[in-house]
Amino acid sequence: PEKVSIKELAEKMKMQPSVIIKKLFMAGQVSTVNTELTYEEAENIAIEYDIICEKEVPVDVIEELLKEDEDAAETLKKRPPVVCVMGHVDHGKTSLLDAIRKTSVTDREAGGITQRIGAYTVSVNDQKITFLDTPGHEAFTAMRMRGANSTDIAVLVVAADDGVMPQTVEAINHAKAAEVEIIVAVNKIDKPNANIDKVKQEMTEYGLISTDWGGTTEFVPVSAKSGEGIEDLLETIILTADILELKANPDRMARGLVLEARLDKGRGPVANVLVQKGTLHVGDFISAGASSGKVRAMVDDKGNKLKEARPSQPVEILGLSDVPNAGEVFLGHETDKEAKQYANTYLQQHKKDLIEETKAKMSLDDLYSK
Ligand code: GDP
Ligand code: MG
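No experiment lies behind these values; they were computed from the predicted model shown.

A. How the structure looks around the overall build of the protein chain. Within the protein chain one finds 11 helices and 19 strands. By residue count, 49% of the 370 residues in the protein chain fall in the buried class. Surface accessibility of the protein chain: about 18,200 Å² in total, with carbon and sulfur atoms responsible for 50%.

B. Layout of the site of ligand 1. The immediate surroundings of ligand 1 are formed by 15 residues, with D90, K93, T94, S95 and D190 found nearest. With respect to ligand 1, the backbone of G92 contributes an N or O atom lying 3.0 Å from an oxygen atom. Side-chain polar atom of S223 to an oxygen atom of ligand 1: 3.3 Å apart, as the coordinates give it. Coverage of ligand 1 by the protein chains reaches 71% of its 580 Å² of free accessible surface. Take the shell around ligand 1: its biggest share by element is 3 residues, from helix α5 (residues 93-104). Considering only residue class, the shell around ligand 1 consists of 2 nonpolar, 7 polar and 6 charged.

C. Representation of the pairing of strand β12 (residues 268-277) within the structure. Along β12, 10 of the 10 residues are buried, which leaves the element largely enclosed by surrounding structure. In terms of strand pairing, strand β11 (residues 255-264) meets β12 through 9 bridges, oriented antiparallel. Within β12, the position partnered with D264 by the bridge is G268. Where β11 hands over to β12, the hairpin turn is made up of 3 residues, counted between the paired strands.

D. Representation of helix α2 (residues 17-26) in the model. Looking at α2, one finds that the buried residues are P17, I20 and L24. Down the axis of α2, the buried side of the element spans an arc of 65°, and every buried residue falls inside it. Along α2, the residues that are exposed and aim more than 90 degrees away from the buried face are K22, F25 and M26. Immediately beyond the C-terminal end of α2, within one or two residues, lies G28, with a positive phi of roughly 95°.

E. Expanded view of the sheet that holds strand β7 (residues 153-159). On the basis of which strands lie adjacent, the open sheet formed by 6 strands has the order β5-β6-β4-β7-β8-β9 and mixed pairing. Two strands lie at the open edges of the sheet, namely β5 (119-124) and β9 (219-221), each paired on one side alone. Adjacent strand axes in the sheet meet at a mean angle of 30°, parallel and antiparallel pairs treated alike. Its contacts with the sheet put helix α10 (residues 230-244) on β4 (82-87), β5, β6 (127-132), β7, β8 (181-187) and β9, and the angle it makes with β6 is roughly 100°.

F. Highlighting a negative patch on the surface. A cluster of acidic residues, D190, E228, E231, D232 and E235, forms a negative patch at the surface. For E231, the position within the fold is in helix α10. The partly exposed category is assigned to E231, whose relative accessible area is 47%.

Definitions and cut-offs
Residues numbered from 1 in each chain as written. Chains lettered and ligands numbered in written order. Predicted model: local features only at pLDDT ≥ 70, side-chain atom pairs only at ≥ 80, totals over all residues. Heavy atoms only, no water. Helix = DSSP H or I, 4+ residues; strand = E, 2+ residues; numbered from the N terminus. Buried < 20%, exposed > 50% of the residue type's maximum accessible area, 1.4 Å probe, protein only. Areas by Shrake-Rupley, 256 points an atom, 1.4 Å probe, with all protein chains shown as cover. Near = heavy atom within 4 Å. Polar contact = N/O pair within 3.5 Å; in protein donor to acceptor, adjacent residues only side chain to side chain. Nonpolar A, V, L, I, M, F, W, Y, C, P; charged D, E, K, R; others polar. Pairing = 2+ DSSP bridges. Arc of directions from axis to C-beta. Axes fitted to C-alpha atoms, helices over the stretch in contact; angles between N-to-C directions. Contact = heavy atoms within 4.5 Å. Patch = residues over 30% accessible without salt bridge, like charges linked within 9 Å, V, L, I, M, F, W, Y side chains within 5 Å. Salt bridge = Lys/Arg side-chain N within 4 Å of Asp/Glu carboxyl O. Lys, Arg positive; Asp, Glu negative; His and termini not counted. Charge placed at Lys NZ, Arg CZ, Asp CG, Glu CD.

So this is what it looks like as structure tokens:
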């Protein structure tokens, strides 16, 4: 008789083999990914799983609710770019984010009240840029699964003494797949063996050709260590954002992404969110995944208390019932009832979503800033 391995079955069911292995274990059978099942056994698992995961709840509800309603062109207003930093491990992502953050921190703020909220905003010539600073880039991964891009521009960090490395190439592929504009920051130019032209040369292989070589990609030489070139990089981001004409309707119910969330002993669930559309106000009803609530307080990355947050603004919010997952979409709702209903429906569907999420978790951890 024909057989199927747990690995193959899991692939067919678009789920993790561990889920099946656990299930069999609970039923008293010890297995590995290579364990072969008869088609009958496999079918039983598939049927059972189907019942648990899908048949109880109309599957489409959440997806329907999450569908983007297009805002009319005349409602759109300019919004700041949202930027993520990617690149090979040790090429300087964290250092660059720190250097950029420092340029924007005033003496008053340097006193220690700035806080990490998964993203921060800097001002350049009165224009704002939001940098995602999310550990492990969970938001970036999850948002791609939900088809909601959080990022407009990817700063691809390449060390000038090391050149293009495997994770540089992966980062390029991800940025291209997400249709994100790439700016190359050639880092560590303070090093004696830095070779900017070599980086430019290597990048041509991936279709990224420097503007001074007749291409369309901006290469900005920087040193996260000395601070050289950081201003140039920020100006290049602003120019790129202008060309992209990034817009959102600020006058509607808020919608955005959860960047990070945690349980704070004193304050309850704390979520760091990025507003993408609309304006989020203190007092608004919201849902995020299986949690819902009313925004009790908002704080920005400089520690300022806010009454409202606008498109591309990252804020920390209090008032959710539970800790949502990073990467979850948050939505504003007209009523408390609607927010709760959404969260409940999500919860019922959660098992299915969990499988999807595990499925899509890739080994991206080193690609993004941590
Ligand atoms: P990440 O893994 O991409 O986040 O890289 P890090 O920011 O942790 O940097 C890796 C190492 O490179 C650290 O030892 C940094 O101090 C060093 N580094 C980062 N940027 C520069 C730079 O511009 N010049 C020099 N000389 N060293 C740097
Ligand atoms: Mg790092």
